[in-house]
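One-letter residues, chain by chain:
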Amino acid sequence: MSGSRIAALGHYQPSRVLTNDELSTMVDTSDEWIRRRTGIATRRIAAPDESVTDMAAAAAGKALASAGLRPSGIDLITVATCTAIDRCPSTAAQVAARLGIPSAVAYDLNNGCAGFTTALAGADHAVRAGAARHALVIGAEKMSDVTDWTDRGTCVLLGDGAGAAVVSAVEEADGAEGAGRAGIGPVVWGSDPTRADAVRLVGDWHPHFAQEGQSVFRWATGELPAIAREACRRAGLTPADLAGVITHQANLRIIEAVLRQLDLRDDVVIAQDVVESGNTSAASVPLALSKLTERGDIPSGAPVLLLAFGGGLSWAGQVVACP
Ligand code: UT7
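Cut-offs used in this document
- Residues numbered from 1 in each chain as written.
- Predicted model: local features only at pLDDT ≥ 70, side-chain atom pairs only at ≥ 80, totals over all residues.
- Heavy atoms only, no water.
- Phe/Tyr/Trp six-rings, centres within 6.5 Å; stacked < 30°, edge-to-face > 60°.
- Helix = DSSP H or I, 4+ residues; strand = E, 2+ residues; numbered from the N terminus.
- Buried < 20%, exposed > 50% of the residue type's maximum accessible area, 1.4 Å probe, protein only.
- UniProt positions renumbered as here; feature names shortened; annotations may be inferred.
- Contact = heavy atoms within 4.5 Å.
- Axes fitted to C-alpha atoms, helices over the stretch in contact; angles between N-to-C directions.
- Parallel < 35°, antiparallel > 145°, perpendicular 65-115°, else oblique.
- Left-handed = near helix turned anticlockwise from the far one by under 90°.
- Nonpolar A, V, L, I, M, F, W, Y, C, P; charged D, E, K, R; others polar.
- Domains from an automatic or database assignment.
- Buried area = accessible area lost by both parts, 1.4 Å probe.
- Salt bridge = Lys/Arg side-chain N within 4 Å of Asp/Glu carboxyl O.
- Polar contact = N/O pair within 3.5 Å; in protein donor to acceptor, adjacent residues only side chain to side chain.
- Pairing = 2+ DSSP bridges.
- Near = heavy atom within 4 Å.
- Areas by Shrake-Rupley, 256 points an atom, 1.4 Å probe, with all protein chains shown as cover.

Within this structure, the stated rule accounts for two aromatic pairs. On the basis of an interplanar angle of 35 degrees and a centroid distance of 5.6 Å, the ring pair of W219 and W315 is categorised as tilted. Of this pair, W219 sits in helix α8 (residues 213-234) while W315 sits in strand β14 (residues 314-321), and the two are 96 residues apart along the sequence. Judged by relative accessible area, W315 falls into the buried class, the value being 17%. The structure contains a cluster of three or more aromatic residues connected by ring pairs, namely W219, F309 and W315.

Okay, here's the thing in structure tokens:
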């Protein structure tokens, strides 16, 4: 039976850094409040003419180069985003055109902040079904386009960027299951429609981000530990086996509260990219994973839990082998 693995990663962030002190000149807030309640110190903001496609293509180009693949080797491209303005052609189709990928199936996926881990599972399933051999899975968001810059409750949280993974087919060793040898473990995913309004883009053509912050906070810290344990169990592991944990980068307090409830190793690497990047929605997990991998913080092949949640409320997570 064939499986898949993350073969390479890439990421892109705009050059413009927006600090908490600068935000405090725009709305009634302070560096102290933002750091204490969220952990966020800075976020990157795209230029007015910089699009979701620009960021997605930049991240994907790096992942492709790092994988050593020709563009013609890619047969599936999926972009997880909820902020792309273009409905048609999809961002994925535009990325294919930019990178010279000649004939891949290319489509966008909107599952809010859980978009990348959802798309990663979809690519893994396509590979297992024999529908693709090499896929590009991208999370890209221009949250600054949907930010209400007069709302201190949300404008301090959000940032722009993109992360991308090349997913490639592998032959699983006999009897191997989960992420240990196969590379991408079974997904745990779902949604709670009773909380559909908890995270929203409000409005038609020029929407803005809104959320019930405390309600999402309580949901995340209450529900995510069990989802994390289940993703490990399905991969044939326990949390104590993990070398790294990359959760959706929404709030450092959520990350710490969730991970306190898992029996993790003392030396486990925890992604804290929210501190420098803010909440980049579907880009947050691949952005954080790509940065950790680039720095060599997690050994190649080591098991890493990816776990994302957001609008829906939806969630998706899986254990992957670090490329
Ligand atoms: O990615 C999608 C998933 N989303 C999440 O995971 C978000 C989960 N929620 C959170 O991260 C937190 O709820 C927030 C960071 C959004 C908010 O933190 P909080 O500790 O829950 O604050 P709060 O909304 O309860 O507000 C507390 C106080 C309020 O003032 P009063 O009513 O107590 O006087 C707010 O008006 O803090 C005030 N406040 C601010 N003060 C200074 C809200 N935003 C700010 C601000 N600066 N930026």
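Okay, the UniProt feature "active site" (unreviewed entry) in the chain next. Listed under "active site" (unreviewed entry) in the UniProt record, and renumbered for this structure, are C113, H248 and N279. For the residues just named, distributed over 167 residues, the greatest C-alpha separation is only 8.9 Å, placing them together at one site. By secondary structure assignment, the location of C113 is in the loop between β5 (105-109) and α5 (115-128). Discounting chain neighbours no more than four positions away, the residues touching C113 are H248, N279, S281, A282, A308, F309, G310 and G311. Inspection of the secondary structure assignment puts H248 in the loop between β11 (244-247) and α9 (252-260). The exposure class of H248 is buried, given its relative accessible area of 2%. Leave out the neighbours within four places in its chain, and H248 touches C113, I255, N279, S281, S284, V285, L307, A308 and F309.

With that settled, the discussion passes to the packing of helix α3 (residues 52-67) against helix α4 (residues 91-99). Where α3 meets α4, the axes come as close as 9 Å, and the angle between the chain directions of the two elements is 55 degrees. By the angle between their axes, α3 is oblique relative to α4. Crossing of α3 over α4 shows right-handed handedness. Residues V52, T53, D54, A56, A57, A60, G61 and L64 of α3 touch α4, and the partners they reach there are T91, Q94, V95, R98 and L99. For the contact of α3 with α4, the class distribution of residues is seven nonpolar, four polar and two charged.

For the chain, the assigned domains are domain 1 (3-175) and domain 2 (188-321). Computed over C-alpha atoms, the centres of domain 1 and domain 2 are 15 Å apart. Taken together, the contact between domain 1 and domain 2 spans 46 residues of the former and 40 residues of the latter. Taken together, both faces of the contact between domain 1 and domain 2 bury some 3300 Å²; the carbon and sulfur share is 63%. Counting the surface domain 1 buries against domain 2, the share from its top three residues, H11, C113 and T117, is 19%. Counting the contacts that link domain 1 with domain 2 gives zero salt bridges. In this assembly, domain 1 and domain 2 are joined by 18 residue pairs in polar contact (both at pLDDT 80 or more).

A few words now on the sheet that holds β14. Strand order in the open sheet formed by five strands is β8-β14-β13-β11-β12, and the pairing between neighbours is mixed. One side of each edge strand has no neighbouring strand; the edge strands of this open sheet are β8 (188-191) and β12 (269-270). Note: β11 against β12, two bridges, orientation parallel. Looking at the pairing, V245 lines up with I270 of β12. Strands β11, β12 and β13 (303-310) of the sheet are contacted by α9, whose axis makes an angle of about 135 degrees with β11.

Taken together, 22 residues form the shell around the ligand, and within it T29, Q211, Q214, N251 and N279 come nearest. A distance of 2.7 Å separates an oxygen atom of the ligand from a polar atom in the side chain of N251. Within the contact set of the ligand, an oxygen atom lies 2.7 Å away from a side-chain nitrogen or oxygen of N279. Within the complex, 74% of the 960 Å² of free accessible area of the ligand lies under protein. Listing elements by their share of the shell around the ligand, those giving two or more residues are α2 (31-38), α6 (152-155), α8 and α9. Residues of the shell around the ligand, tallied by class, amount to nine nonpolar, nine polar and four charged. Inspection of the shell around the ligand shows a minimum of three residues originating in each of domain 1 (3-175) and domain 2 (188-321).

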